[in-house]
Amino acid sequence: MKSYRLFFLFVLFLLLFNEPVLSIVNRAELVAGIPLLYLYVLVLWLVLIGAIAYALYQSEATEEATVDE
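Residues numbered from 1 in each chain as written. Predicted model: local features only at pLDDT ≥ 70, side-chain atom pairs only at ≥ 80, totals over all residues. Heavy atoms only, no water.

A. Representation of the overall build of the protein chain. Each helix and strand in the protein chain was counted, giving 3 helices and 2 strands. In sequence order, the protein chain lays out its α and β elements as α-α-β-β-α. For the protein chain, buried positions account for 14% of its 69 residues. Considering only intrachain contacts with a sequence separation of at least 6, the fraction spanning at least 24 residues in the protein chain is 60%. (Helix = DSSP H or I, 4+ residues; strand = E, 2+ residues; numbered from the N terminus. Buried < 20%, exposed > 50% of the residue type's maximum accessible area, 1.4 Å probe, protein only. Contact = heavy atoms within 4.5 Å.)

Laid out in structure tokens, this is it:
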């Protein structure tokens, strides 16, 4: 199950980091003094790290629950 979650995250973030989506946010706008594209990539990268950590944590908790029973 863990490998399916990680593969899904890989495909999802591969699409979100791809050129058509990046061209949508590639505008000359500043958000809190940061260019929109840089902010998008940074936030998406942080969400990716959090999603991977959550997927691994959930799979570890599930494995421990099945071992205890």
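B. Looking closely at the packing of aromatic side chains. Counted according to the given criterion, the structure contains 1 aromatic pair. Between Phe7 and Phe10 the ring centres are 6.4 Å apart and the planes differ by 35°, which places this aromatic pair in the tilted class. On the criterion of helical spacing, the pair formed by Phe7 and Phe10 is a turn pair, its members being 3 residues apart in helix H1 (residues 2-16). Residue classification places Phe7 among the exposed positions, given a relative accessible area of 54%. (Phe/Tyr/Trp six-rings, centres within 6.5 Å; stacked < 30°, edge-to-face > 60°.)

C. Structural view of the nonpolar core. Within the largest apolar cluster, 9 residues are counted, these being Leu9, Phe13, Leu22, Val25, Leu36, Tyr40, Leu44, Leu48 and Ala55. At the level of secondary structure, the elements contributing two or more residues to this core comprise H1, helix H2 (19-25) and helix H3 (36-68). The greatest single-element share of this core, amounting to 5 residues, is contributed by H3. Residues contacting Leu48, with those up to four places away along its chain left out, are Phe13 and Phe17. (Core = buried A, V, L, I, M, F, W, Y, C linked by side-chain atoms within 4.5 Å.)

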